[in-house]
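# A closer look at the structure
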Amino acid sequence: MFSNTLNKSLLNVIQGLPVKFDRPTKMTDKYVWTPDCNLNIKLRDQDLKIKELIGFQPCEMDNALGTTTYAEQWTTEVYSFPIPTLLMKRIGKGLGIRNLPRSLPLVGNKKQFIELLQSHSNSVRILSIFKQREQHLLPIENDPKDKYDKGVGELVTVEISHLASPEDVSTLSIEHSCIDMALAAIASIMRDVDKQIYRSMIFMNYLQAVKIWGLGKKIFD
């Protein structure tokens, strides 16, 4: 979820949860984007990260907002350089680059990675996004659908971030490998805040946001 600023009562609920790390984390992610991109591809430090949307489920907050919102399932892969040919071909396909040669050398670093992609497509852009984030842990019962489950439970990551560029916005994300846990966490947070505050937020993922910024536009005009 993206917002101009996160509501104070919502922040209080989230910041009242146990912290995942001792201090906020600052980072600059370099997103690799084209207008035909269907993968979330980013460079962070010396790593290459790829996220792919594999499914989604409607959230129960739909009736409150009068709009359809979804919890999404993404795969996350992290690679170190050098990057082999097969992975480069997959990345090229995900970016909509159709003219990568069959044989490619090992890509040894970020600079070579960017140069190779841009040499085969004029539409490849690199968007630098500065983030300051903090992550908290929300405990959820082992089986959110089983009201009699008394197990130890799971910890769901609740992340709030502030982006300084390319647009001054805040984000809220709820993350867990099991989508039912993520849905249960959304419902738990919703119980503790006024649902009307979500009307000022836009439900989208980073791939959708990067497309807006890549086209030179803003999420909030």
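Presented here is an overview of the structure given in this document.

Cut-off values and rules
Residues numbered from 1 in each chain as written. Predicted model: local features only at pLDDT ≥ 70, side-chain atom pairs only at ≥ 80, totals over all residues. Heavy atoms only, no water. Helix = DSSP H or I, 4+ residues; strand = E, 2+ residues; numbered from the N terminus. Buried < 20%, exposed > 50% of the residue type's maximum accessible area, 1.4 Å probe, protein only. Salt bridge = Lys/Arg side-chain N within 4 Å of Asp/Glu carboxyl O. Pairing = 2+ DSSP bridges. Contact = heavy atoms within 4.5 Å. Axes fitted to C-alpha atoms, helices over the stretch in contact; angles between N-to-C directions. Phe/Tyr/Trp six-rings, centres within 6.5 Å; stacked < 30°, edge-to-face > 60°. Core = buried A, V, L, I, M, F, W, Y, C linked by side-chain atoms within 4.5 Å.

### Description of the environment of Gly 216
Relative to the helices and strands, Gly 216 is located in the segment after helix 6 (206-214). C-alpha of Gly 216 to C-alpha of Pro 166: the two residues are 50 residues apart in sequence and 9.3 Å apart in space.

### Section: the environment of Ala 164
Turning to its location among the elements, Ala 164 is positioned in strand 7 (residues 154-165). Overall, Ala 164 belongs to the partly exposed group, its relative accessible area being 43%. A sequence separation of 35 residues divides Ala 164 from Ile 129, and the C-alpha atoms of the two residues are 7.5 Å apart.

### A word on the pattern of salt bridges
In total, this model carries seven salt bridges according to the counting rule given. Here Asp 29 ties to Lys 131 by a salt bridge, and the two come within 2.8 Å at their closest N and O atoms. One end of the pair, Asp 29, is in strand 2 (residues 25-33); the other, Lys 131, is in strand 6 (residues 125-140), and 102 residues separate them in sequence. Of the two residues, Asp 29 and Lys 131, neither departs from the other in class, the shared state being buried. For Lys 111, the salt bridge identified is with Glu 115, shortest N-O distance 2.6 Å. Highlighted residues: Lys 111 and Glu 115, both in helix 4 (residues 110-120), separated by four residues, approximately one helical turn.

### Topic: the sheet that holds strand 7
With antiparallel pairing, eight strands are arranged side by side in an open sheet as 1-8-7-6-2-3-4-5. Edge positions in the sheet fall to strand 1 (2-3) and strand 5 (70-80), since each has one partner strand and no second. Strands strand 6, strand 7 and strand 8 (169-175) of the sheet are contacted by helix 1 (residues 8-15), whose axis makes an angle of about 135° with strand 7. Relative to strand 6, helix 6 is tilted by about 155°, and along the sheet it contacts strand 1, strand 2, strand 3 (40-44), strand 5, strand 6, strand 7 and strand 8.

### A short note on the side chain of Ser 170
Among the structural elements, Ser 170 can be located in strand 8. Apart from residues no more than four positions distant in its own chain, Ser 170 is found in contact with Met 1, Phe 2, Ser 3, Asn 4, Thr 5, Leu 6, Ser 161 and His 162.

### A few points about the packing of aromatic side chains
For the structure on display, the rule yields four aromatic pairs. Ring centres of Phe 2 and Tyr 206 lie 5.4 Å apart, and the angle between their planes is 65°; this geometry places the pair in the edge-to-face category. With a gap of 204 residues between them, Phe 2 in strand 1 and Tyr 206 in helix 6 connect regions that are remote in the sequence. With a relative accessible area of 1%, Phe 2 lands in the buried category.

### Brief notes about the nonpolar core
Judged by nonpolar contacts, the single largest core of 37 residues is most densely connected at Phe 2, Leu 48, Met 88, Ile 91, Phe 113, Leu 117 and Trp 213. Put simply, the parts of the chain that give this core at least two residues each are strand 2, strand 3, strand 4 (47-58), helix 3 (85-94), helix 4, strand 6 and helix 6. The element contributing the most residues to this core is helix 6, with five residues. Phe 113 has contacts with Val 32, Ile 41, Leu 43, Leu 48, Phe 81, Met 88, Ile 91 and Val 107, leaving out every residue within four places of it along the chain. Core analysis: the next-biggest nonpolar cluster, separate from the first, contains 27 residues, Leu 138, Ile 140, Ala 185 and Met 201 among them.

### Topic: the pairing of strand 8
Burial analysis of strand 8 places five of its seven residues in the buried class, the great majority of the element. Note: strand 1 against strand 8, two bridges, orientation antiparallel. Residue pairing in the sheet places Phe 2 in a bridge with Thr 171 of strand 8. Strand direction decides the pairing type here: strand 7 and strand 8, joined by seven bridges, are antiparallel. If you follow Thr 157 over to strand 8, its bridge partner there is Glu 175. Connecting strand 7 to the next strand, strand 8, in antiparallel fashion are three residues.

Function cannot be read off these values alone, since they describe shape.
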